[in-house]
Amino acid sequence: MHSIWHALLWKEWREQRWKAALLLAAAVMLAPSPWIGSGSRLADVAGPIAVVLLPAVSLFLGAGIAAGEQSRRTIGFLQSLPVPTQWSAIAKLVGAMATAWIVCFAALGFLLISRWLRGSSEFPNHPITPELMVIAYGLTATSLLIWMAAAGVNRKDEVQAGALGLLVILVCWALLGLFSVGHGANDSFWNSLIYAAAPGGVASIFSQWDHQAYLRELGVEPPSLWPPIIAAVITHGILVMWYVLRFGRVVHGRRQTVETLAHMPDVTWLKPPRSRPWTAILWKQARESMPLAALGAGTILCVAIIIASVVYRDGGEFGAGFAFAAGGTWVIAGFLVSVVAGIGLLMDDLRPGLYGFWRSRPIDVDQWFAVKFTVSLLTTVLTLALPTALIYGGVVALSGGGASVEGLVVGDGQFWVTVTVGLLAQVGAFSIAAAAMAFTRQPVTAAIVAILTAICVVALSEKYATTGIQVAAFTVIVTVAATLAAWLAVRNNWGWKH
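The structure reproduced in this document is the subject of the present report. As a convention, each chain's residues are numbered from 1 in the sequence order in which they are written. In keeping with the predicted nature of the model, local features appear solely for residues at pLDDT of at least 70, side-chain atom pairs appear and are counted solely at 80 or more, and the whole-chain, interface and lining totals rest on all residues. Excluding hydrogens and water, the side-chain figures rest on all heavy atoms present in the structure.

**Looking at the packing of aromatic side chains**
Part 1 of the reasoning: Classification of ring pairs uses Phe, Tyr and Trp, with its six-membered ring standing for Trp, and accepts pairs whose centres are within 6.5 Å; under 30 degrees between planes counts as stacked, over 60 as edge-to-face, and the remaining range as tilted. On inspection of all chains with the given rule, the structure shows 4 aromatic pairs.
Part 2 of the reasoning: Plain terms: the ring middles of Tyr243 and Phe247 are 5.7 Å apart, the flat faces sit at 50 degrees to each other, and that makes the pair tilted.
Part 3 of the reasoning: For Tyr243, a relative accessible area of 1% translates into the label buried.
Part 4 of the reasoning: Considering the side-chain rings of Phe373 and Phe430, the 5.4 Å spacing of their centres and the 70 degrees angle between planes classify their relative orientation as edge-to-face. Here Phe373, found in helix α14 (residues 365–399), pairs with Phe430, found in helix α15 (residues 413–440); they are 57 residues apart in sequence, far enough to count as distant.
Part 5 of the reasoning: Judged by relative accessible area, which is 7%, Phe373 ranks as buried.
Part 6 of the reasoning: Accessibility here uses a 1.4 Å probe with only protein chains present; expressed as a share of the type maximum, an area under 20% marks a residue as buried, one over 50% as exposed, and anything in between as partly exposed. A relative accessible area of 0% means that Phe430 is categorised as buried.
Part 7 of the reasoning: In this structure an aromatic cluster arises from ring pairing among Phe369, Phe373 and Phe430. Where helices and strands are cited, they refer to DSSP runs of H or I of at least four residues and of E of at least two residues respectively, numbered from the N terminus.

Here you go:
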């Protein structure tokens, strides 16, 4: 038994080691930021960057263990082993969790060293120390990883698993805001249970722990933390069991038959579906990119409607809440969907069989890449922006052209600068993800590389760019460089061959 477990864990280590190395490098890169000289804006964004890094990476790690074996066509090998497939699922889950915790372990090490050098705690009376905050981030990332793996298990590839898992998580968050009860004393117990059971809701337990200290200072006996802890353990335990028991069970096989030439029917060649090579590529890529983009746009619209309903329920204005929710959801979901779409652009076509097939066709490789890249990029970005544009347009029309959302007047110069930077950020995320996929040839590794690159771009733009125009110009430069890198990698067949 021990030898089989060792072999399964060794296999996962071999698959996860480069991802772990990248995450460790990111932790080392972010560690010195709090000690950067005073006045540096990079230190101000180091915390939010670390908060974004763990959840985003955990989502892609979850998608990888959910559909990685199906994508690489190796699920049959796992099913042929003389052990239950559930053992492989457990090993994959353990490997992904350990990889996600790399950043947390590094951060804990830096915090302990800092505490040892300073000799005292910066928060002597605070129940949530920086070390516990890091643990809270790690548990939140673990929760998102479990939700993503359970939602996307047995999908055809990582792109489908990531899209489905992201949809489930966003819808759960939106429904959480819609159906959670008020904030009165009689309702706090049910809120705590709902929040703890939600994706990433483990962090709410630490928030309630912090609130307990405040209530004790007021002389009020706080509610127990055991009910939300039990709710979180039960919910995530059920999800883990769902993933483990379902892993490898649903595989779309193909019946293979052998027929002799005597029984082969006459072959009648069909007319080419498109008269020109570039139109055929355009048609094919549009059919591949539109489902993911439409799924992301529909998610943005549904989440915005639910959030606006919550704002209206609590006494706010529906129109302004609708526009604000659409804009915020568009920024977050648009970035993640753009990364997934950039990876999916070349994920299948760079496999050895398909890559050799396309290179053997009478189609110019530069034209092939240009059409695929342009069609997928425009389809993704414009489709994602469509719900937000319609919502903002409707708010402006109903308000007589003077709508203001969080101090941002719809239609003025600053509004258009903000929209332009948001669009360029999604274009940049798409280009960086495509370049990372072209070089790494591994979807999850490419996602981590793209996220780390985006973090570096945000940090540098926050440090050196002072206006929206400068941020936009910097984003354009990075986007062009990433696009050129992806084109050269595809043209010259650079990248990891596996």
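**Points about the environment of Ala280**
Part 1 of the reasoning: Positionally, Ala280 belongs in helix α11 (residues 277–313).
Part 2 of the reasoning: Once the C-alpha coordinates of Ala280 and Trp368 are considered, the two residues, 88 residues apart in sequence, prove to be 9.9 Å apart.

**Some points on a nonpolar patch on the surface**
Part 1 of the reasoning: A contiguous nonpolar patch, built from Leu24, Val28, Phe110 and Ile113 and spanning about 340 Å² of accessible area, is present on the exposed surface.
Part 2 of the reasoning: At the level of secondary structure, the elements contributing two or more residues to the nonpolar patch comprise α1 (2–30) and α5 (102–118).
Part 3 of the reasoning: For Phe110, the location among the structural elements is in helix α5.
Part 4 of the reasoning: With a relative accessible area of 34%, Phe110 lands in the partly exposed category. A patch consists of residues exposed above 30% relative accessible area that lack any salt bridge, with like charges linked at up to 9 Å and nonpolar side chains (Val, Leu, Ile, Met, Phe, Trp, Tyr) linked at up to 5 Å. Residue exposure ignores everything except the shown protein chains as possible cover, and the areas themselves are Shrake-Rupley values with a 1.4 Å probe. The rule for a salt bridge is simple: a side-chain nitrogen of Lys or Arg has to be within 4 Å of a carboxyl oxygen of Asp or Glu.

**Focus on the environment of Ala149**
Part 1 of the reasoning: Checked against the element boundaries, Ala149 lands in helix α6 (residues 130–152).
Part 2 of the reasoning: Residues Ala149 and Tyr243, 94 residues apart in the sequence, show an inter-C-alpha distance of 6.6 Å.
Part 3 of the reasoning: Here Ala149 is in contact with Gly62, Ile65, Ala66 and Tyr243, once residues within four sequence places are set aside. By the convention used here, residues are in contact when the closest approach between their heavy atoms is within 4.5 Å.

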